[in-house]
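So you can see what is in the structure, the chains are spelled out below.
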Amino acid sequence: MGPRATDTPDLGFQVGDHVCAFYSGGSASLNDIVVDFISRGLRAGNKCICFIDTPSPVRDRIPGELMPRGDILQFFTEEQGYIPEGYFSKDAFLRNMETTVKGVLSAGYDRVWLVGDASVVARRAVDMKTWFTAESEMSELAPRYPQFIMCLYDLNLFDGEMVMYVLKTHPRIFVNGLIITNPYYISSGQFSSSA
Amino acid sequence: MTSTAPGASSASDLELAINTRLSSVNAVFTLSLILTQASSPAQVMRLVTTAIPSIAHCEKALAWHPRRSGDYYQRAPDDVSDALARVTAPGRFGVGDSSSWSAFPLTSPIADEPVFLMVAGGEDLSGEETFLLSVLAQLCGTVIAKLELIAAERSTAQRVAALNAELESTISTLTKIMEIHRRLNEIASHAGETGIAATLHQLTGFGVLIQDVSGQVRATAGGVPGDRLAAQQPGRRQDLIRRLRRARRAVYHGRAWLALANPRADVLGVIALIDPARTASETDLAALEYAATVLSVELARMQSLAEAELRSRAARERDIAQARAAELAASEARQRAILEAALDAVISIDQHARVTYVNSAFEHIFGYRADEVIGRELANLVMPPSLRETHRQGFARYLTTGQTRILDQRIEMTAMRADGSEFPAEVTVTCTGPSEEPVFTGYVRDIAERQRAEQELKASRARLVAASDAARQRVTRDLHDGAQQRFVGTVINLQLAGQKWESAPQHARQFLGLALRDAQRGIDELREIAAGIHPAILTQRGLAAAIDALAARLPIPVQTEVRDQRLPAPIEASIYFFCSEALTNVVKHAHATSAWARVGLEGNRCTVEVSDDGIGGARPRSETSGLNGLRDRIGALSGTMDIISPADGGTVLRASIPLLSESACPD
């Protein structure tokens, strides 16, 4: 699925986006970004799925009127989302994500908004090459479905080298409140050959 | 890391080279965008230094400062610090034996000395890489400068906010303190300690206890545990007060905040804010301390009032004492004046029986001057020698045992004058003063005259009794010899007349005539006797008529001059009999040819005078003579009688009788 018309002109989201965002203010900054992201999805009546370890501060900030259906907002921990088997598997991860999106769409939602924090990757010492290969392939997968994907990285956990990997694997960047095209992004194939 | 292709000759090589350089440029710019998300200079520098090996051909990157270390840079090694400080543009920089270092100054509008981004690698950086790293260093410096400015602004804002909060808190505190001052000032002047305690309780919500310096409770308000009301041991109390005095502000002790009320050097009291949980705020403590100040003023005011009251009381007592002293002095003066004016002799002696005071009457009665007797023993002065030893023994017994037979009693004894003459005296002795220094005062009255008067009274009464007996005997004799004989003759003549009434009526009439004569004589004689007892004319017509009738019966001419005025009956009777007796004596003894009787009034006295032109020389011949009888009769009415009867002739008897009220007259 190719890029479509902008659905959220105020930020510049496009259907099939795979966006990275960085935060450095701890959980408060993370929650601000997540709340803003899923609020937009809920207002559009879309399914929203969050992969964060502490969902309650986010859930508490979502007005009830934005959740007409009980399943419209769904939370998973990062481990549930990324390493459900206790270790990270790129293929399993991508497959699960695709299955999840298909399930949402089959449940009657037009679009799905996915947001996840990657802190568990640093905490659990997931192999970075494998992880960013999965991120790179996710950029290939995302445009195939009516979805918006945002990956969050804590600048306190990831150093500059990792940041450069993030930039190489996400075609779009959420920075300073706007989504811009990432000129440093390289295709999944280029990433695989350069890695 | 992407590979460089400096010598590409084909189009693909050229494209790859372009893409590679473009990728590096993109890397720098996207990284610079990400750096704007960083929250601290250290985070920025960490991201940059760890990202550089991904951007350029190098081994590592560091941040150095020539002189010092900081939160995002390290102090350069000493051997390069001077050289580094002199670096002004990006370029290669030798460190020790290695010359493969490059230094990139971080431009910063706020840093005095630049921090350098140091890049170390085995290969030389290309010109493009050097340029990109220079750009990255400048971007890094700019981002750090922005973060530092933001941090400074944030710090400033926080300080301002803190200052505003502090100012607001200060204003709030001042407002509360002003309210505290206003409330406490309002009650200070009239509500006293109780009001201060109640107001402090209202202001703080804590229980309040006010104690004096010894720990006695003076006022409470709110909840005050009972154990706090108990007085503290004095020693511990003093220790606590010393501690409070040193602290000069509220001190937390024994689950309460304590403050001293000490307006000057004195400690007048302690005020306590009961705060077991120690939750009192600064405002509460300010209220406590100001309440202590107000309490100080209140206690000082009360102390001043008490002192003023004491001074006033002392002044009043002094005035009273002075008044009492003056009164005592006046009393003593009056007493002295009374004693001096007394007719009785007054003598005071001490416990040694020595004279300490005598009055004027003493000098007059005893014939001593005061200065002659002061300090001398009393007995030697006023007692006959025969009584002195008895007096001394009695005096000593009283001092030893308290037994006395004369104190506070009126006794009669013989006293002795300065010339040795003795006289009867009535003495009363009192004892005054403290037991260890008693003062004995005797009041001595010369009763010689009174005894003579009493003896005279007794004699007068005896003469009255004798005169009364004589008069009764005379009346008896007169009745027996006179009227009784007449009436006996009357009875006999009437019996004889009765015996002759039938046989000899002539004789019977003679006897009746004799009986009538005797009866008439008897009546006349009874009248005479009655007139001697109390003449009827005196009662019926008064003194003038009675004396005229009396004079008419005498054989010599008597001229009367009697004021025709009724007087009390006893006085009229006495004057009548005075005149009767006196005129009888004139007829019997004076051989007079004429006599005079005069009765008049002189002031409140009645005077009567009977005189004659007889032989004179009249005087009472015995106690029972008629003249003494007259004197007794006049004396019975408190009157006086004088006899003037010179030997060359003529006699005057004169009496003067006070006109007493009838009720006071003897019946």
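If you're wondering where the values come from, they're calculated on a predicted model, not measured in any experiment. (Residues numbered from 1 in each chain as written. Chains lettered and ligands numbered in written order. Predicted model: local features only at pLDDT ≥ 70, side-chain atom pairs only at ≥ 80, totals over all residues. Heavy atoms only, no water.)

Enquirer: Is there a simple way to explain unusual backbone geometry in this structure?
Expert: Trans is the common state for peptide bonds, and a negative phi is the common state for residues other than glycine. Of note, the phi angle at A:Ala125 is positive, near 55°, even though the residue is not glycine. On the secondary structure map, A:Ala125 appears in the loop between α5 (119-123) and α6 (128-141). Of note, the phi angle at B:Arg278 is positive, near 55°, even though the residue is not glycine. (Helix = DSSP H or I, 4+ residues; strand = E, 2+ residues; numbered from the N terminus.)

Enquirer: Help me out: how do you make sense of the sheet that holds strand β7 (residues 147-154) of chain A in this one?
Expert: Adjacent strands of a sheet pair through backbone hydrogen bonds, lying either parallel or antiparallel. Residue and element names in this part refer to chain A. In space, the seven strands of this open sheet follow the order β5-β4-β6-β7-β3-β8-β9, with mixed pairing throughout. Of all the strands in the sheet, just β5 (73-76) and β9 (178-181) have a single pairing partner and so form its edges. Direction aside, neighbouring strands of the sheet carry axes that sit 20° apart on average. Pairing of strand β4 (residues 47-51) with strand β6 (residues 112-117), which is carried by five bridges, proceeds in the parallel orientation. Bridging from a neighbouring strand, Ile49 pairs with Leu114 of β6. (Pairing = 2+ DSSP bridges. Axes fitted to C-alpha atoms, helices over the stretch in contact; angles between N-to-C directions.)

Enquirer: Would you take a moment to explain the nonpolar core for this structure?
Expert: Across soluble globular proteins, nonpolar side chains have a tendency to be buried as a group. Membership of the largest hydrophobic core comes to 102 residues, with the highest contact counts inside it found for A:Ile38 and A:Met150. Per-element tally for this core: the top contributor is helix α4 (residues 127-188) of chain B, with eight residues. Setting aside anything within four residues of it in sequence, one finds A:Met150 in contact with A:Phe13, A:Val19, A:Ala21, A:Ile33, A:Phe37, A:Leu114, A:Val115, A:Gly116 and A:Phe174. One finds B:Ile575, B:Cys606, B:Val610 and B:Leu627 within the second-largest nonpolar core, a separate group that totals 38 residues. (Core = buried A, V, L, I, M, F, W, Y, C linked by side-chain atoms within 4.5 Å. Buried < 20%, exposed > 50% of the residue type's maximum accessible area, 1.4 Å probe, protein only. Contact = heavy atoms within 4.5 Å.)

Enquirer: What is the right way to read the packing of aromatic side chains from this model?
Expert: The geometry of an aromatic ring pair is captured by the separation of the ring centres together with the interplanar angle, meaning the angle of the planes. Residue and element names in this part refer to chain A. Counted by the stated rule, this structure contains 26 aromatic pairs over all chains. Ring centres 5.5 Å apart and planes at 20° place the aromatic pair Phe132 and Tyr165 in the stacked group. With Phe132 in helix α6 and Tyr165 in helix α7 (residues 160-169), this pair connects stretches of sequence that are 33 residues apart. Given the relative accessible area of 0%, Phe132 is considered buried. (Phe/Tyr/Trp six-rings, centres within 6.5 Å; stacked < 30°, edge-to-face > 60°.)

Enquirer: Would you mind showing me how to read the packing of α7(A) against helix α1 (residues 11-35) of chain B here?
Expert: Their axes nearest at 11 Å, the elements α7(A) and α1(B) cross at an angle of 110°. Taken as axis vectors, α7(A) and α1(B) run roughly perpendicular relative to one another. In this structure, α7(A) uses A:Val163, A:Met164 and A:Leu167 to contact α1(B), whose residues at the interface are B:Ala27, B:Thr30, B:Leu31 and B:Ile34. The residue makeup of the contact of α7(A) with α1(B), split by class, is six nonpolar, one polar and no charged. (Parallel < 35°, antiparallel > 145°, perpendicular 65-115°, else oblique. Nonpolar A, V, L, I, M, F, W, Y, C, P; charged D, E, K, R; others polar.)

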